Amino acid sequence: LALQLMKDMKLVGVPLDVVTYNSGISACEKGHQWRKALELMEEMDKKGVAMNTVTYNIAITACERAGQWKQAIRLVKQMKQRGGLIPNLMTFNAAVSACEKGGKWQQAMELLDDLREMGLVLNTTTYNTVIGICEKGKKSQEVLQLVKDMRTHGVERNTDTYAAAIRPCEKAGL
């Protein structure tokens, strides 16, 4: 329905702005139409409608929900290359979650490094998602290092944190 309304706006000559496009992209995200969300971003670019952090966060979430980790990472990189757009924790959490769905622990670790380089404060959700990916990838040393990093940086650890850290130890008989 949202996309039809956008089409109607174009037909009657009502210009689409960033808020309208973001609403359309959000409708695509909720409707599991990640490709259409990316098409709307391309359309914005062609029409000269400036994208913002919200635009990217919604599109990255659409890719995350569809398990499109490559597209999510591509959007994070694209966002960083555009002048004036700064990824935030929501941006990275969505991209890390996309990596989790794809079982891509190395890419998730790279995103963590990017977060740190940008000076963003990592939270429990971000760490736990990456810990979960590493645990599934049987990367017990990485899991233990991430838990240590959480302690070092004063990030709260919870039941999920410790459960994901204990499981590799259990499997190894440690």
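Quick note: structure is the one above.
Presented here is an overview of the structure given in this document. (Residues numbered from 1 in each chain as written. Predicted model: local features only at pLDDT ≥ 70, side-chain atom pairs only at ≥ 80, totals over all residues. Heavy atoms only, no water.)

**Some thoughts on the overall build of the chain**
Stated precisely, the cut-off is as follows: Helix and strand assignments follow DSSP, with helices taken as H or I runs no shorter than four residues and strands as E runs no shorter than two, numbered in order from the N terminus. What makes two residues a contact is simply this: any of their non-hydrogen atoms within 4.5 Å. Per-residue and other accessible areas follow the Shrake-Rupley method at a 1.4 Å probe size, with only the shown protein chains counted as cover for residues. Note that His is not counted, nor are the chain ends; the positive residues are Lys and Arg, and the negative ones are Asp and Glu. In plain terms, the charge of a residue is placed at NZ if it is Lys, CZ if Arg, CG if Asp and CD if Glu.
Scanning the chain from N- to C-terminus turns up 10 helices and zero strands. Starting at the N terminus and walking to the C terminus, you meet the elements of the chain as α-α-α-α-α-α-α-α-α-α. Dimensions of the chain, computed from C-alpha atoms along their principal axes, come out at roughly 70 × 30 × 20 Å. Looking at the chain alone, contacts between residues at least 24 apart form 60% of all its contacts between residues at least 6 apart. When the accessible surface of the chain is totalled, it reaches about 9600 Å², and 52% of it is carbon and sulfur. Placing the 24 positive and 19 negative side-chain charges of the chain at their respective mean positions leaves the two points 3 Å apart.

**What to know about the pattern of salt bridges**
Using the following cut-off: What makes a salt bridge here is a side-chain nitrogen of Lys or Arg within 4 Å of a carboxyl oxygen of Asp or Glu, nothing more. Burial classes: relative accessible area under 20% of the type maximum marks a residue as buried, over 50% as exposed, and values in between as partly exposed (1.4 Å probe, protein chains only).
A complete count under the given rule lists 11 salt bridges for this structure. With its nearest N and O atoms 2.9 Å apart, the salt bridge here joins E29 to R65. On the criterion of sequence distance, the pair formed by E29 in helix α2 (residues 18-30) and R65 in helix α4 (residues 53-65) is long-range, its members being 36 residues apart. On the basis of relative accessible area, E29 is assigned to the buried category, the value being 6%. Among the salt bridges present, the one from D114 reaches K80, with a minimum N-O distance of 3.2 Å. Within this pair, whereas D114 is found in helix α7 (residues 105-117), its partner K80 is found in helix α5 (residues 69-81), the two being separated by 34 residues in sequence. Here the salt bridges share partners, and the residues they tie into one network are E29, K30 and R65.

**Let's talk about the packing of α2 against α4**
How we decide: Each axis is a line fitted through C-alpha atoms, and for a helix only the stretch in contact is used; angles between axes span 0 to 180 degrees, taken between their N-to-C directions. These descriptions rest on fixed angle ranges, namely under 35 degrees for roughly parallel, over 145 for roughly antiparallel, 65 to 115 for roughly perpendicular, and the rest for oblique.
Running from N to C, α2 and α4 cross one another at 10 degrees; their axes reach a closest spacing of 9 Å. Relative to α4, the element α2 lies roughly parallel. In contact with V18, N22, I25, S26 and E29 of α2, α4 contributes V54, T55, I58, A59, T61, A62 and R65.

**A few points about α2**
Short version of the rule: Here a helix's expected span is defined as the number of its residues, less one, multiplied by 1.5 Å.
A rise of 1.5 Å per residue sets the reference length of α2, with its 13 residues, at 18 Å; its end C-alpha atoms lie 18 Å apart and thus fit the reference within 8%. Here α2 has its buried residues at T20, Y21, N22, G24, I25, S26, C28 and E29. Buried residues along α2 sit in contact with α1 (2-11), α3 (34-47) and α4. Once α2 finishes, H32 follows within two positions and takes phi at roughly 60 degrees, a positive value.

**Some remarks on the packing of α7 against helix α8 (residues 124-136)**
The test is simple: Less than a right angle of anticlockwise turn of the near helix away from the far helix marks a crossing as left-handed, whereas a clockwise turn marks it as right-handed. The residue classification treats Ala, Val, Leu, Ile, Met, Phe, Trp, Tyr, Cys and Pro as nonpolar and Asp, Glu, Lys and Arg as charged. All others, Gly included, are polar.
The contact between α7 and α8 brings their axes to 9 Å, and the two run at 155 degrees. By the criterion of interaxial angle, the relationship of α7 to α8 is roughly antiparallel. In this structure, α7 crosses over α8, and the sense of that crossing is left-handed. The segment α7 lies against α8, with W105, A108, M109, L112, L115 and R116 engaging T126, Y127, V130, I133 and C134. Broken down by class, the residue content of the contact of α7 with α8 amounts to nine nonpolar, one polar and one charged.

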